[in-house]
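So the chains spell out like this:
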Amino acid sequence: MSAVVRLIVLTLVLATVAAEAEGQERRNRGPRRPRRDAASQPATASAAASSEESASTSGASSSAEAEVKKDKYLAVINGVVHTMTGPVLSGATVLSRNGRIIDIGADVALPPETQIIDAAGKRVYPGLVVASPSGSIFGGDPPEDTTDVFGLNMTIALAGGITTALSGNAAVKLTFGTTEEMVLSREVYLPLNYSTRQPQPRAELRVDLEKVRGYLREVRRHEIVVQTDKEAKPPDASWLKGKYEKYQKLLKRELIAVGSASTTHELLDWCELAREFNFRLVLRGAYEGWTVAPELSRAGVGVVISPRTTVAVDERLNRPNGATIENAKILHDHGVTVAVVPESVVVTTWGVGGRDLLNLNLEAGFAVRGGLSNDDAVRTLTIDAARVMGLDDRIGSLEVGKDADFIVCDGDVLHYMTQVHYAVVNGRVAYEKAKESLYAHIRPAGKRELAPTDDYWPKRHAWPADWKPRVRPATASAPTTQSAPGSQADSQPADGETVAPAGRDDEAPAAAREPT
């Protein structure tokens, strides 16, 4: 190999070694960080524009994030506020923030961005609560995935003042147009079967409750023993699954049991069970509750009743029985928590004598007819209904810290002509009468006086002042066919003839019968 070749090879080797050394030094220094001095700023106009665009985009993103987190305020001012748990406040303000009530009173400072509802001349109540399942407002389970939040039934229920109702065993709010914070509670009750018509489930229930109660006793005994014997083994809990887990929560008073009972002996059976195992209980029906009101009170049982339930007295029984319109009053006077629902717990557009959810307030009005005070009747639809469901810490009254669910009415909520003008759910207007095509035309000013009308059908109380008889014109040819007086053929006019409208009051006054 010549000296020239050796020199070239040596040069290449030295260059390779130097490059590897430089690369290792760069790796040891780590990634290069941009400088923050002037030399690191964009050198061209396009680079500067790109930097400004990036900065503006970042600023807009931060602004949008701040807008999402911005507090939302809503206030109802100048109304007569029925708090249900406190005094009635005249000309007061109810202020909510992000769906919760934060202040109630006469002198409430409102943030500049507050949405305001002027309730001057109107009354403000908590939203009405339905303490029995309704299958016509919401969908199936889960309700937030199966409910038409723009449905007609939800609109009608809101127009009736309802803001919370049961869907199956879940307490669901009527959040029209959105599913946000729709479900208040997934499991309100623990249904139990203790009917005398089904003796086997009745006996199994007692056995299961006794088994769980024995386990809880062993747990308490272990808590005492373990203080002196650290190696004491806790009781076996591997079987506490399914229904036993729920029974454990029931006996710990973490759940509320619900059952159906109407007659005296059924109600007494439930009272005995609730006192023996010391759990919270709600009974539906209870039309004979008035006969055992003291026993229901001592057992701490709540009831869901319909004051208009009609059951005749059975004369064969040597005891008080049957239904009475005074049921709600007697139960309330004995300290029983009462929630009122109609006999038909659905929303309909036809109604059966006002016995559906659209007339929930009328059902409570019948309790007033039975002797219950007006204020206590309103409580059966609000705070007492919430207490029966175990949700009175969130809904049922207007108090600081509770959910901002309330309605604005143009009169007493129990009056049959009262209209709901606003329904607010979670601090958001879910219904506004003036914007709802179904109800906007009904007494828009809130006045109860009926507007004059020229429609005299179907019930005419008097003839109009300008009424004149329509005389049958004479004709040359009269019908030759004879018919019995009063028959259909005799009452039909001939072609071209006109007659006065038929009815019991068809005969005009004497002055109106004068020939023209």
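Rules and cut-offs
- All residue numbers refer to position in the chain's written sequence, counted from 1.
- With pLDDT at 70 or above as the cut-off, local features in this predicted model cover only qualifying residues; side-chain atom pairs require 80 or more to be listed or tallied, and sums for whole chains, interfaces and linings still use all residues.
- As a rule here, side-chain values cover all heavy atoms of the structure and leave hydrogens and water aside.
- Strands here are runs of E lasting at least two residues and helices are runs of H or I lasting at least four, both read from the DSSP assignment and numbered beginning at the N terminus.
- Accessible area is worked out with a 1.4 Å probe on protein chains only. A residue is then buried under 20% of its type maximum, exposed over 50%, and partly exposed in between.
- Residue contacts are counted whenever heavy atoms from the two residues lie within 4.5 Å of one another.
- Only the protein chains shown count as cover for residues, with accessible areas throughout obtained via the Shrake-Rupley method and a probe of 1.4 Å.
- A helix's residues, less one, multiplied by 1.5 Å, set its expected span.
- Axis lines are fitted through C-alpha atoms, for helices just across the contact stretch, and the angle between N-to-C directions can take any value from 0 to 180 degrees.
- Our angle categories are set so that under 35 degrees counts as roughly parallel, over 145 as roughly antiparallel, 65 to 115 as roughly perpendicular, and the remainder as oblique.
- The hand of a helix crossing depends on one turn: near helix anticlockwise from the far one by less than a right angle means left-handed, and clockwise means right-handed.
- Charged means Asp, Glu, Lys or Arg here, nonpolar means Ala, Val, Leu, Ile, Met, Phe, Trp, Tyr, Cys or Pro, and polar covers whatever is left, Gly included.
- At least two bridges found by DSSP between two strands is the condition for calling them paired.
- Distance and chemistry together define a polar contact, namely a pair of N or O atoms within 3.5 Å, with one atom able to donate a hydrogen and the other to accept it when in protein, and with adjacent residues in sequence counting only for side-chain atoms on both sides.
- Salt bridges, as used here, are contacts in which a Lys or Arg side-chain nitrogen is within 4 Å of a carboxyl oxygen on Asp or Glu.
- Aromatic contacts are taken between Phe, Tyr and Trp rings whose centres are within 6.5 Å, Trp giving its six-membered ring; a plane angle under 30 degrees counts as stacked, one over 60 as edge-to-face, and the others as tilted.

> So what about the overall build of the protein? Which residues, and what values?
Secondary structure assignment for the protein yields 13 helices and 17 strands. Split into buried and exposed, the 516 residues of the protein put 39% on the buried side. Restricting to contacts in the protein with at least 6 residues of sequence separation, those with at least 24 account for 64%. Approximately 29800 Å² of the protein is accessible, and the part contributed by carbon and sulfur atoms is 52%.

> Which residues make up helix α7 (residues 264-277), and what values do they have?
One turn of the α-helix equals 3.6 residues, which is why residues spaced by three or four share an orientation. Under the 1.5 Å per step criterion, the end-to-end length of α7 is 20 Å for 14 residues, consistent within 8% with the ideal 20 Å. Of all the positions in α7, only T264, E266, L267, D269, W270, C271, L273, A274 and F277 are classed as buried. Among the structural elements, α5 (199-225), α6 (243-251), β11 (256-261), β12 (280-285), α8 (293-298) and β13 (301-305) are those in contact with the buried residues of α7. Following α7 by one or two positions, N278 adopts a phi angle in the positive range, close to 55°.

> A description of helix α4 (residues 152-159) should follow, citing residues and the corresponding values.
The buried fraction of α4 amounts to six of the eight residues, a majority that puts the element mostly inside the structure. Restricting attention to buried positions, one finds in α4 the residues M154, T155, I156, A157, L158 and A159. Among the structural elements, β7 (162-167), β16 (420-425) and β17 (428-432) are those in contact with the buried residues of α4. Remark: G161 follows α4 within two positions and exhibits a positive phi of approximately 95°.

> An account of the packing of α5 against α6 is requested, with residue identities and associated values reported.
Between α5 and α6, the least distance of the axes is 9 Å, while the angle of their chain directions is 70°. Comparing their axes, α6 and α5 come out roughly perpendicular. As for how α5 packs across α6, the hand of that crossing is right-handed. For the pair α5 and α6, contact is made by L205, D208, L209, K211, V212, R213, Y215 and L216 and by K243, Y244, Y247, Q248, L250 and L251, respectively. Counted by class, the contact of α5 with α6 contains nine nonpolar, one polar and four charged residues.

> Which residues make up the environment of A257, and what values go with them?
Take A257: it is sitting in strand β11. Counting along the chain gives 65 residues from A257 to L192, while the straight-line C-alpha distance between them is 6.5 Å.

> Break down the pairing of strand β3 (residues 100-105) for me, with residues and values.
Bridge analysis of strand β2 (residues 88-97) against β3 gives five bridges, and the strand direction is antiparallel. Along β3, the bridge assignment pairs R97 with R100. Here β2 folds back onto β3 in antiparallel fashion, the turn holding two residues, of which N98 has a positive phi close to 55°.

> Tell me about the sheet that holds strand β8 (residues 170-173), and name the residues and values.
Strand order in the open sheet made by the four strands is β6-β7-β8-β9, with mixed pairing throughout. Looking at strand neighbours, the two that pair on one side only are β6 (128-133) and β9 (183-185), the edges of this open sheet. Strand-to-strand twist of the sheet, defined as the mean angle between neighbouring strand axes without regard to direction, takes the value 25°. Where β8 meets β9, two bridges bridge the pair, whose relative direction is antiparallel. Pairing of A171 across the sheet is with S185, part of β9.

> Give a description of the side chain of S136 that names residues and reports values.
By the element assignment, S136 lies in the loop between β6 and α3 (143-146). Side-chain polar atoms of S136 contact the side chain of S134, separated by 3.4 Å. Ignoring anything within four residues of it in the chain, the contact list for S136 reads N153, V346 and V347.

> Kindly report on unusual backbone geometry, identifying the contributing residues and their values.
For the bond from D141 to P142, the omega torsion is 0°, close enough to zero to count as cis. With phi around 55°, N426 is a residue other than glycine that occupies positive phi space.

> Explain the environment of T337 to me, using residue names and the numbers behind them.
Within the fold, T337 resides in the loop between α9 (327-333) and β14 (338-340). For T337, a relative accessible area of 26% gives the class partly exposed. In sequence terms T337 and V303 are 34 residues apart; their C-alpha atoms lie 6.4 Å from each other.

> Got a sec to walk through the pattern of salt bridges? Specific residues and values, please.
The tally for this structure, following the rule as stated, stands at 23 salt bridges. Between R186 and E144 there is a salt bridge, and its shortest N-O distance comes to 2.6 Å. One end of the pair, R186, is in the loop between β9 and β10 (189-191); the other, E144, is in helix α3, and 42 residues separate them in sequence. Measuring nitrogen to oxygen at the nearest pair gives 2.7 Å for the salt bridge that ties K329 to D333. You can see K329 and its partner D333 sitting in helix α9, four residues apart, about one turn around the helix. On the basis of relative accessibility, which here comes to 30%, the residue K329 falls in the partly exposed class. Each of R100, K173, R394, D403 and D405 takes part in a single network of salt bridges with overlapping partners.

> Quick rundown of the packing of aromatic side chains? Include the residues and the values.
The final tally for this structure, using the stated rule, is four aromatic pairs. Aromatic side chains Y194 and W270 sit 5.5 Å apart centroid to centroid with 65° between the ring planes, which places their arrangement in the edge-to-face category. With Y194 in the loop between β10 and α5 and W270 in helix α7, this residue pair connects regions lying 76 residues apart in the sequence. Like Y194, the residue W270 is buried in the burial classification. For the ring pair Y215 and W239, a centre distance of 5.6 Å and an interplane angle of 85° mean the geometry is edge-to-face. Here the residue Y215 occupies a position in helix α5, and W239 occupies one in the loop between α5 and α6, the gap between them amounting to 24 residues. Looking at Y215, the relative accessible area reads 13%, which means it is buried.

> Break down the side chain of T175 for me, citing the residues and quoting the values.
Tracing the backbone shows T175 in the loop between β8 and β9. Look at T175 and you get buried, because its relative accessible area is 2%. Beyond its immediate sequence surroundings of up to four residues, T175 is in contact with V149, M154, E180, E181, M182, V425, N426 and R428.

> Outline the sheet that holds β13, supporting the account with residue identities and numerical values.
The five strands lie next to each other as β10-β11-β12-β13-β14, forming an open sheet whose pairing is parallel. Only two strands of the sheet have a single partner each, and these edge strands are β10 and β14. Strand after strand, the sheet turns through a mean of 30° between neighbouring axes, direction not considered. Note: β12 against β13, four bridges, orientation parallel. Its bridge partner lying in β13, L283 is registered against V303. In the packing of α6 onto the sheet, the strands contacted are β10, β11 and β12, and the crossing angle to β10 comes to about 125°.

In short, geometric facts, not functional conclusions.
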